[in-house]
Amino acid sequence: MSSAKPAELKKFVIRLALAVALAAPVAGCFQPMYADRGDGSPTLRDKLNAIEVPPLDIPNGSRNSRLGVELRNKLMFKLYGSATGAPPLYTLKISISTSRSSLIVDPSTQLPTIENYAIDASYQLKDIATGKTVMSGNTFSRVEYDVPGQSQRFARTRAGRDAEDRAVQEIAENINTRLASFFYAGM
């Protein structure tokens, strides 16, 4: 039985050596997305800083105007880390549409108990110098929320607003990720 332990140890060492040998050729291939490239070329952060996010074309006072401001602010913070970036080379035009639907309705009161809030967004990234669209896409978010009882109307309003905020956050993350992927692939 004592001879079995050295054999197991030998197998382990062989497997470990094989794993190291297979991983060694690709060890230098890893490079963090947001890291400095070392050759003086613009980093991903520099490229994202050069995107201008103009206000969304939504009429003031409309139901979606708050969402437009919220989306723009969240996206600017994700791109720049602050309210302003570098001198713009690109402009990002975003349009949104929203909808709300009842998923579950209480059969006795005919009032919704669970609702679904949806945002669909389309965006275009344009090169300012040429006016050419370099990237476009669509994204969406669907968020469910509970509607408390009939006598809690303020709680229902707050739940709806929280759902809107969660959906806007998801849209901003989706657009930011796609922009980062686009610029990283072109580096």
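This structure is a prediction, so every number in the text was calculated from the model and none was measured. (Residues numbered from 1 in each chain as written. Predicted model: local features only at pLDDT ≥ 70, side-chain atom pairs only at ≥ 80, totals over all residues. Heavy atoms only, no water.)

1. Describing the sheet that holds strand 3 (residues 112-127)
In step 1: Pairing within the open sheet is mixed, and its four strands lie in the order 1-2-3-4. What marks the edges here is a single partner per strand, and that holds for strand 1 (51-52) and strand 4 (133-146).
In step 2: In the packing of helix 3 (residues 65-80) onto the sheet, contacts are made with strand 1, strand 2 (90-105) and strand 3, and the angle to strand 2 comes to roughly 125°.
In step 3: Contacts from helix 4 (residues 153-185) reach strand 1, strand 2, strand 3 and strand 4 within the one sheet, and its direction differs from that of strand 4 by about 150°. (Pairing = 2+ DSSP bridges. Helix = DSSP H or I, 4+ residues; strand = E, 2+ residues; numbered from the N terminus. Contact = heavy atoms within 4.5 Å. Axes fitted to C-alpha atoms, helices over the stretch in contact; angles between N-to-C directions.)

2. Some points on the packing of aromatic side chains
In step 1: Overall, the coordinates contain two aromatic pairs when judged by the stated rule.
In step 2: Relative to Phe183, the ring of Phe182 lies with its centre 5.2 Å away and its plane at 70°, an arrangement referred to as edge-to-face.
In step 3: Under the relative-accessibility criterion, Phe182 is labelled partly exposed at 32%.
In step 4: Given the relative accessible area of 4%, Phe183 is considered buried.
In step 5: Within the aromatic cluster, the residues linked to one another by ring pairs are Tyr90, Phe182 and Phe183. (Phe/Tyr/Trp six-rings, centres within 6.5 Å; stacked < 30°, edge-to-face > 60°. Buried < 20%, exposed > 50% of the residue type's maximum accessible area, 1.4 Å probe, protein only.)

3. Observations concerning the side chain of Asn49
In step 1: Take Asn49: it is sitting in helix 2 (residues 44-49).
In step 2: The class of Asn49 is buried, set by a relative accessible area of 16%.
In step 3: When residues no more than four places from it in sequence are discounted, the contact partners of Asn49 are Leu79, Tyr80, Gly85 and Ala86.

4. Points about the pattern of salt bridges
In step 1: Overall, the coordinates contain seven salt bridges when judged by the stated rule.
In step 2: Its salt-bridge partner being Asp120, residue Arg142 comes within 3.0 Å of it at the nearest N-O pair. Of the two residues, Arg142 is situated in strand 4 and Asp120 in strand 3; the sequence distance between them amounts to 22 residues.
In step 3: Here Arg158 ties to Asp162 by a salt bridge, and the two come within 2.8 Å at their closest N and O atoms. Within this pair, Arg158 and its partner Asp162 are both found in helix 4, separated by four residues, close to a single helical turn.
In step 4: What emerges from the salt-bridge pattern is a single network uniting Arg66, Arg100, Glu164 and Asp165. (Salt bridge = Lys/Arg side-chain N within 4 Å of Asp/Glu carboxyl O.)

5. Overview of the nonpolar core
For soluble globular proteins, the rule of thumb is that nonpolar side chains tend to be buried together.
In step 1: Ile51, Leu92, Ile94, Ile96 and Leu179 are the most contacted members of the largest nonpolar core, which has 35 residues in total.
In step 2: Contributing elements (two or more residues each) for this core: helix 2, helix 3, strand 2, strand 3, strand 4 and helix 4.
In step 3: With ten residues, the top contributor of residues to this core is helix 4. (Core = buried A, V, L, I, M, F, W, Y, C linked by side-chain atoms within 4.5 Å.)

6. Here we look at a nonpolar patch on the surface
In step 1: Taken together, the side chains of Leu9, Phe12, Val13, Leu16 and Val20 define a hydrophobic patch exposed on the protein surface, amounting to about 510 Å² of accessible area.
In step 2: Structurally, Val20 is set in helix 1 (residues 4-23). (Patch = residues over 30% accessible without salt bridge, like charges linked within 9 Å, V, L, I, M, F, W, Y side chains within 5 Å. Areas by Shrake-Rupley, 256 points an atom, 1.4 Å probe, with all protein chains shown as cover.)

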